[in-house]
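Below are the chains, spelled out letter by letter.
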Amino acid sequence: MKFLCIDCDEQMGFGERQLPGDGTLAAVFRCPACGREVAMLTNPMETQVVSSLGIKIGGRTVPEQPLELVRSSLDGGRDEAFAEPPVDSVTSPETSPVEWAETATRRLEAVPSFVRGMVKRIYTDYAKEHGIHEITPEIMDQARTDLGLEGM
Ligand SMILES: [Zn+2]
């Protein structure tokens with residue numbers, strides 16, 4: 001399993017991996033050229049499929065990335081590497097016209113914290129692209145279906 005950065009035509013390197021403990025698996029891949037990051041989230045069933053295929057995510061099957069050393073020596077806390085501002089402070093009228101309904105925010109809080117910012121961006125971008133001004137759980141469902149993000 002590999003991720004390519006389309007802009008750079010570079011193979012993305014493995015960044016972070018977490019198993020939140022409920023069977024879901026999240027992996028972050030990073031483009032060594034432009035720094036773009038993508039996160040892969042799998043639900044428990046998909047995680048099992050990946051495991052049964054013998055695919056090692058985050059093992060030494062991926063060449064070591066230069067930044068990996070820098071990052072791990074800079075901070076001991078892995079979670080901090082992907083820390084985002086609290087959910088409430090992210091949405092400001094100046095930077096984003098998209099509002100989050102309280103119910104949607106609560107649902108977002110169920111997402112593992114280290115990918116929450118990224119997930120929030122995915123939904124926010126989706127809303128902007130579709131001219132949606134308020135994100136509700138229904139919009140989240142619609143976005144997941146449209147974007148093929150079942151299980152997130
Ligand atoms: Zn790139």
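Residues numbered from 1 in each chain as written. Predicted model: local features only at pLDDT ≥ 70, side-chain atom pairs only at ≥ 80, totals over all residues. Heavy atoms only, no water.

Student: Would you mind going over helix α5 (residues 113-129) with me for this structure?
Tutor: In an α-helix, one turn spans 3.6 residues; hence positions three or four apart end up facing the same way. Look at α5: 25 Å from first C-alpha to last across 17 residues, which is about the 24 Å you get at 1.5 Å a residue. Among all positions of α5, only F114, V115, G117, M118, V119, K120, Y123, T124, Y126 and A127 are buried. Following α5 by one or two positions, G131 has its phi on the positive side, about 65°. (Helix = DSSP H or I, 4+ residues; strand = E, 2+ residues; numbered from the N terminus. Expected span 1.5 Å × (residues − 1). Buried < 20%, exposed > 50% of the residue type's maximum accessible area, 1.4 Å probe, protein only.)

Student: Looking at this model, I keep getting lost on the coordination of the zinc ion. Mind explaining?
Tutor: Ideal geometry at a metal centre gives angles of 109.5 degrees when four donors are arranged tetrahedrally and 90 or 180 degrees when six donors are arranged octahedrally. Taken together, C5 (SG), C8 (SG), C31 (SG) and C34 (SG) make up the protein donors of the zinc ion, found 2.3 to 2.4 Å from the metal. Here the zinc ion binds four donor atoms, and the angle range of 106 to 115° at the metal identifies the geometry as tetrahedral. On the primary sequence, the residues serving as donors to the zinc ion are separated as C-x2-C-x22-C-x2-C. Judged by its relative accessible area of 43%, C34 falls in the partly exposed class. (Donors = N, O, S within 2.8 Å, 3.2 Å for Na, K, Ca; no water. Tetrahedral: all angles 85-135°; square planar, octahedral: opposite > 155°, others 65-115°.)

Student: Sorry if this is basic, but what is going on with the confidence of the model for the protein here?
Tutor: For any part of a model where pLDDT is low, the fine detail of the predicted coordinates should not be relied upon. Taken residue by residue, the protein gives an average pLDDT of 73. The fraction at 70 or more is 61%. Confidence, expressed as mean pLDDT per element, reaches its minimum in the protein at helix α2 (residues 66-74) with 50 and its maximum at strand β7 (residues 134-135) with 94. This stretch, residues 59-64, has a pLDDT under 50; its non-local contacts, to residues over four places away or in other chains, come to four contacts. Within the model, the stretch residues 72-81 combines pLDDT values under 50 with nine contacts to residues more than four positions away or in other chains. (pLDDT = per-residue confidence, 0-100. Contact = heavy atoms within 4.5 Å.)

Student: Just checking my understanding: could you explain the pattern of salt bridges for this structure?
Tutor: Working definition: two side chains of opposite charge can pair if their charged atoms are close together. Taken as a whole, this structure holds five salt bridges when the rule is applied. The residue D7 makes a salt bridge to R36 at a minimum N-O spacing of 2.6 Å. Of the two residues, D7 is situated in the loop between β1 (4-5) and β2 (10-11) and R36 in the loop between β4 (25-30) and β5 (37-42); the sequence distance between them amounts to 29 residues. Given a relative accessible area of 40%, R36 falls into the partly exposed group. The salt bridge partner of R30 is E37, with a shortest N-O separation of 3.6 Å. Taking relative accessible area as the criterion, E37 reaches 29% and is therefore assigned partly exposed. Salt bridges here are not isolated pairs; linked through shared partners, they connect R107, D141 and R144. (Salt bridge = Lys/Arg side-chain N within 4 Å of Asp/Glu carboxyl O.)

Student: Sorry, what's going on with helix α6 (residues 137-147) here?
Tutor: Among the residues of α6, those classed as buried are P137, I139, M140, A143 and R144. All buried residues of α6 project into a common sector of 155° when viewed along the axis, lining one side. Exposed positions of α6 whose direction lies more than 90 degrees from the buried face are E138 and T145. Phi turns positive, to about 70°, at G148, one or two residues after α6. (Arc of directions from axis to C-beta.)

Student: Would you take a moment to explain the sheet that holds strand β3 (residues 13-18) for this structure?
Tutor: Strand order in the open sheet made by the three strands is β3-β4-β5, with antiparallel pairing throughout. At either end of the open sheet lies a strand with only one pairing partner, and these are β3 and β5. Sheet twist, expressed as the average angle between the axes of neighbouring strands with direction ignored, equals 20°. Judged from the six bridges that link them, β4 and β5 form a sheet pairing that is antiparallel. Bridge assignment links R30 to a residue of β5, and that residue is E37. Here α5 sits on the sheet in contact with β3, β4 and β5, set at roughly 110° to β5. (Pairing = 2+ DSSP bridges. Axes fitted to C-alpha atoms, helices over the stretch in contact; angles between N-to-C directions.)

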